[in-house]
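Below, each chain spelled out in residue letters.
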Amino acid sequence: MSIEIKPSQALDLWRIAIVESVRRDSPDLSARQMALMLTVYLTPAPHTVRGLSDALNISKPAITRALDRLSSLGMVKRKVDEDDRRSVLIQRTVKGSVFLREFGDIIVSAGKKTE
């Protein structure tokens, strides 16, 4: 199912959702951190720094910095890959799942306000 909206409507939807998200008592994520969260939660695992760097076309140090912040917030966790102990897997957390579900609700609500 696709929804057709004008660019100005899409931007207004995004504006309403972002404004509502920063008003809440939840972490204020950067665009890079949000892109990383959405990739980890909405694409099939496993996720590694190298894989996320390739998927997002962002440097590995930038991915690591974003993961440091997300990890400190409890949104993702790192786990050593038992099959290749040199590799670290990025895993979802309950806190991160709740955050994104609530953010999705904010977007749905914003969509209703733009109708």
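Note that this is a predicted model, so its numbers are computed, not measured.

S.K.: Account for unusual backbone geometry, with residues named and values stated.
M.R.: Keep in mind that most residues, glycine aside, have a negative phi and that most peptide bonds are trans. Each neighbour pair has its own omega, and for A45 with P46 the value is 10°, a cis peptide bond. Inspection of the secondary structure puts P46 in the loop between α2 (31-42) and β1 (47-48). Unlike most non-glycine residues, N57 shows phi in positive territory, near 55°. Along the chain, the position of N57 falls in the loop between α3 (49-56) and α4 (60-72).

S.K.: Account for the nonpolar core, naming residues and giving values.
M.R.: By size, the foremost hydrophobic cluster in this structure holds 25 residues, and its most contacted members are M37 and V76. The set of elements that each furnish at least two residues to this core consists of α1 (7-23), α2, α3, α4 and α5 (94-113). If we skip the residues at most four places from it in the chain, M37 touches L29, L70, M75, V76, G96, F99 and L100.

S.K.: Go over the pattern of salt bridges with me, naming the residues and quoting the values.
M.R.: Opposite charge on two side chains allows them to pair when their charged atoms are near. Scanning all chains against the criterion turns up five salt bridges. Close ionic contact of D68 with R78 constitutes a salt bridge, the shortest N to O distance being 2.8 Å. Taken together, the positions of D68 in helix α4 and R78 in strand β2 (residues 76-80) put the pair 10 residues apart, joining distant regions of the chain. Residue D68 is classed as partly exposed on the basis of its relative accessible area, which comes to 42%. Between R85 and E82 there is a salt bridge whose closest N-O contact spans 3.1 Å.

S.K.: Any details on the sheet that holds β1? Residues and values, ideally.
M.R.: The three strands are arranged β1-β3-β2 in an open sheet whose pairing can be described as antiparallel. Only two strands of the sheet have a single partner each, and these edge strands are β1 and β2. Across two bridges, the pairing between β1 and strand β3 (residues 88-92) is antiparallel. Counterpart to H47 in the pairing with β3 is I90. Along the sheet, α4 makes contact with β2 and β3, crossing β2 at roughly 110°.

About the thresholds
- Residues numbered from 1 in each chain as written.
- Predicted model: local features only at pLDDT ≥ 70, side-chain atom pairs only at ≥ 80, totals over all residues.
- Heavy atoms only, no water.
- Helix = DSSP H or I, 4+ residues; strand = E, 2+ residues; numbered from the N terminus.
- Core = buried A, V, L, I, M, F, W, Y, C linked by side-chain atoms within 4.5 Å.
- Buried < 20%, exposed > 50% of the residue type's maximum accessible area, 1.4 Å probe, protein only.
- Contact = heavy atoms within 4.5 Å.
- Salt bridge = Lys/Arg side-chain N within 4 Å of Asp/Glu carboxyl O.
- Pairing = 2+ DSSP bridges.
- Axes fitted to C-alpha atoms, helices over the stretch in contact; angles between N-to-C directions.

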